[in-house]
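Structural overview
Each chain is listed here by its residues.
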Amino acid sequence: MATINNFNKARNVQIDKYNFNYNDNSVNVNPSADPLSKLKARIAAGAIHDSAERCDAPKCHPETRVAVQNNLYRWIVEGDGELEQPKKIKWVTGPAGTGKTAVMGSLADRCAEDGLLGATFFFASWSASIGRRRKTAFVTTIAHQLAQRREDLKNAISAAMEKNPDVLEKNLHIQMEVLVLAPLREVVCQCEGPELRGAIIVDGLDECEAEQYHDTKSTVPRATPTRTNAQDQLEILQVLQAASLNPHFPFRILVASRPERVFREFFDPEINPPSFAQKLDLNVEHNADADITLFLEAQFDLIRRRYNFPLSWLPPGTIRTLVEYASGQFIYAATVIRLFDTSHREAPKALLEAILKMEATRKTSSNPLEQLDALYMHILGSSPDPPLSVRWVHAIKLIKPRYTVASAFNINMLLQTDPESNEAEHLLGTLHSLIQIPPLSDQTSTKYGFYHKSLFDFLEDPGRCGKLYVEESERRVLIWDAFVRVCARGCDTQFSYPESFLKFLVFFPCLEVAHVGIAHSKVLHTPPSADWDFTVQCVQSLIFSKP
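Numbering of residues starts from 1 in every chain and runs along the sequence as written. Restriction of local features to residues with pLDDT of at least 70 applies here, the model being predicted, together with a cutoff of 80 or more for giving and counting side-chain atom pairs; totals for whole chains, interfaces and linings are based on all residues. Water and hydrogen atoms were dropped before computing side-chain values, which therefore reflect all heavy atoms in the structure.

Burial classification: accessible surface area is computed with a 1.4 Å probe over protein chains only, and a residue below 20% of its type maximum counts as buried, one above 50% as exposed, and the rest as partly exposed. The way it works is that DSSP assigns letters per residue, a run of H or I at least four long becomes a helix, a run of E at least two long becomes a strand, and they are numbered from the N terminus. In terms of residue burial, strand β3 (residues 89-93) counts as a mostly covered element, since five of its five residues are buried. On β3, burial covers both faces: Ile89, Trp91 and Thr93 on one face and Lys90 and Val92 on the other are all buried. At least two bridges found by DSSP between two strands is the condition for calling them paired. Of the strand pairs in this sheet, β3 and strand β6 (residues 251-257) are connected by five bridges, and their pairing is parallel. Residue pairing for β6: threonine 93 is matched across the bridge by serine 257. Inspection of the sheet shows β3 paired to strand β7 (residues 280-281) by two bridges, in the parallel sense. Bridged to threonine 93 within β7 is aspartate 281.

The following block contains the structure:
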């Protein structure tokens with residue numbers, strides 16, 4: 001066996017019987033650092049409402065969702081007029097695309113301007129850093145923000161960290177007591193300074209994914225996860241409920257999520273009648289049609305000015321028709337406008353005509369998502385190879401959150417069958433209204449992103465996306481086959497990969513193995529009953545040696 005030189009600059013990799021031992025210590029804290037620095041090292045900075053990661057997060061269009069925001073702001077300031085035990089938690093819900101995150105983001109900005117923002121945490125599972133997808137950094141991120149609010153609270157949290165040096169390794173209930181409730185009790189009881197009040201806003205809690213405590217040394221995937229998403233989501237709800245019932249806790253808590261079962265049951269007034277304020281259902285209590293109309297009128301006027309169209313360029317009734325198609329889903333209207341804003345290959349008037357004609361594809365009038373589905377189908381169908389484009393979309397979603405080096409360039413290099421081709425542009429070039437695709441000059445340092453989770457609700461439901469549906473095992477096979485292909489190509493000493501791609505590639509198996517499961521490779525011809533370790537060994541032998 002002759003060792004190849006393609007991986008001569010790889011770091012932190014040990015080869016021992018073809019098993020990867022990759023250590024990615026993303027948090028390196030100086031043991032002598034001050035307590036608040038140790039706390040800061042364990043937060044999810046991207047989950048805070050004004051983080052750089054959320055610079056493109058949706059916000060309410062001017063003059064829209066005013067009634068909803070005023071309703072929630074009034075509750076934060078005044079409550080429900082409770083005379084005795086205040087109800088400090090309110091659930092804001094609604095199906096995908098009703099604008100929950102936009103409302104919460106705009107409300108957080110308003111509260112921050114008025115000095116009424118305690119802390120925020122915006123979960124996101126489909127296009128975000130790892131800290132925003134899991135519960136691990138939830139309490140630490142809340143505590144970190146509270147420490148920035150007032151000097152006395154900052155000192156109390158710092159003292160709590162110093163007195164309890166192992167608190168960061170404890171469960172969320174203990175972290176909440178030590179890092180939040182105990183410092184608040186101390187500050188509130190001292191009665192010094194202005195009264196503490198305001199809001200803690202938690203958005204997208206339904207997107208919190210289960211934290212798995214598995215053996216990282218094993219290459220054999222678990223048959224079933226240790227915990228479910230719902231269990232971790234419920235744990236956070238219980239932690240928030242316990243905090244809200246503490247008499248020294250001065251904040252009101254807003255929790256925004258889809259109406260999944262764990263939330264419906266937790267906020268059921270028959271189960272917990274005295275604990276919560278009345279829920280706010282955006283799909284029921286606030287008719288979004290007027291706000292969607294305002295949004296579309298403003299955006300189409302911008303498009304008219306951009307292309308110097310006459311005032312009469314929109315066919316009569318266009319706005320009314322599109323509002324009807326939206327069925328209360330802001331995401332439909334936003335996606336329509338992004339089609340015009342992302343240099344779609346159809347001319348603006350032809351594109352508008354195609355969108356308006358989608359009405360003929362409707363099967364029934366009972367499903368409010370039918371027009372959104374038709375729009376997604378139209379956009380994906382504009383690709384030269386829609387089935388392969390959809391597979392790429394799934395692969396990007398699966399790979400991107402797990403790797404700090406999963407830039408658009410590295411993902412393209414992995415998935416392209418020909419490294420010299422521009423297959424990514426060929427397949428994704430017409431999908432800019434669905435995918436945040438970095439400019440070519442930025443792709444080595446920038447990741448792909450997705451505008452809204454509803455795209456994957458569509459793609460993961462065979463009843464909605466039809467022939468574009470891809471089984472999960474097939475999604476994994478695409479990734480694994482791509483990995484095998486680039487490893488085989490790397491065995492050719494005449495071919496050299498960029499160093500940034502090698503860094504991505506070299507620890508890919510040990511991180512992806514638990515997620516690929518028992519997907520059967522079409523490139524690496526092992527028998528279906530082959531042991532997974534054997535498959536990994538075969539692939540690793542392609543990387544590190546050649547006959």
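Attention shifts here to the packing of aromatic side chains. For this analysis, a ring pair means two rings from Phe, Tyr or Trp (six-membered ring only for Trp) whose centres lie within 6.5 Å, classed as stacked if their planes differ by under 30 degrees, edge-to-face if by over 60, and tilted for the remaining angles. Taken as a whole and judged by the stated rule, the model has 16 aromatic pairs. A ring pair is formed by phenylalanine 123 and phenylalanine 138, whose centres lie 5.9 Å apart and whose planes are at 20°; its orientation type is stacked. Of this pair, phenylalanine 123 sits in the loop between β4 (117-122) and α4 (138-147) while phenylalanine 138 sits in helix α4; the two residues are 15 residues apart in sequence, bridging distant segments of the chain. Classification of phenylalanine 138 as buried rests on a relative accessible area of 0%. An angle of 75° between the planes, with centres 5.7 Å apart, marks the rings of phenylalanine 249 and phenylalanine 251 as edge-to-face. Within the aromatic cluster, the residues linked to one another by ring pairs are Phe300, Tyr307, Phe309, Trp313 and Phe340. Here, a charge over a ring is recorded when the distance from Lys NZ or Arg CZ to the ring centre is within 6 Å and its angle to the ring normal is within 35 degrees. For the cation-ring pair, arginine 110 lies above tyrosine 73, with the distance from its terminal atom to the ring centre recorded as 4.0 Å. The ring of phenylalanine 456 carries the charged tip of lysine 397 above its face, separated from the ring centre by 4.9 Å.

The parallel open sheet is built from five strands, whose spatial order is β4-β5-β6-β3-β7. Edge positions in the open sheet fall to β4 and β7, since each of these has one partner strand only. Pairing between strand β5 (residues 198-203) and β6: six bridges, direction parallel. Residue pairing for β6: isoleucine 200 is matched across the bridge by isoleucine 253. In this description, contact between two residues means that some pair of their heavy atoms is separated by no more than 4.5 Å. To get an axis, fit a line to the C-alpha atoms, keeping to the stretch in contact for a helix; angles then go from 0 to 180 degrees between the N-to-C directions. Each of β3, β4, β5 and β6 touches helix α3 (residues 100-113); the most contacted strand, β4, lies at about 155° to it. Packing of α4 onto the sheet brings it into contact with β4, β5 and β6, and relative to β4 it is tilted by some 150°.

The next point concerns the side chain of arginine 258. For arginine 258, the position within the fold is in the loop between β6 and α8 (261-266). The residues touching arginine 258, leaving out its near neighbours within four places in the chain, are Trp91, Thr93, Gly94, Ala96, Lys100, Asp206, Phe263, Lys453, Ser454 and Asp457.

A few words now on helix α13 (residues 370-381). A helix is expected to span 1.5 Å for every residue after the first. In this model α13 runs 16 Å from its N-terminal to its C-terminal C-alpha over twelve residues, within 8% of the 16 Å that 1.5 Å per residue would give. By the criterion of burial, α13 is predominantly enclosed, with nine of the twelve residues buried. What α13 keeps buried is the set Glu370, Gln371, Leu372, Asp373, Ala374, Leu375, Tyr376, Ile379 and Leu380. Among the structural elements, α10 (318-326), α11 (330-341), α12 (348-357), α14 (386-399), α17 (454-459) and α18 (462-465) are those in contact with the buried residues of α13.

Further remarks concern the side chain of threonine 318. With respect to the helices and strands, the residue threonine 318 is situated in helix α10. Overall, the relative accessible area of 3% leaves threonine 318 in the buried class. The residues touching threonine 318, leaving out its near neighbours within four places in the chain, are Leu352 and Leu356.

The next point concerns the packing of helix α2 (residues 66-78) against α3. The relative placement of two packed helices comes down to the angle between their axes together with the axis-to-axis distance. The N-to-C vectors of α2 and α3 enclose an angle of 50°; their axes lie 10 Å apart at closest approach. Judged on the interaxial angle alone, α3 and α2 are oblique. When the axes of α2 and α3 are compared, the crossing they make is right-handed. Facing α2, whose interface residues are Val68, Gln69, Asn70, Leu72, Tyr73 and Ile76, α3 presents Val103, Met104, Ser106, Leu107, Arg110 and Cys111. Of the residues that constitute the contact of α2 with α3, the class distribution is eight nonpolar, three polar and one charged. When describing relative orientation, an angle under 35 degrees is termed roughly parallel and one over 145 degrees roughly antiparallel, while 65 to 115 degrees is termed roughly perpendicular and anything else oblique. Each crossing is labelled by how the near helix is turned from the far one, with a counterclockwise turn of less than a right angle marking it left-handed and a clockwise turn marking it right-handed. Each residue gets one of three labels, nonpolar for Ala, Val, Leu, Ile, Met, Phe, Trp, Tyr, Cys and Pro, charged for Asp, Glu, Lys and Arg, and polar for the others, Gly among them.

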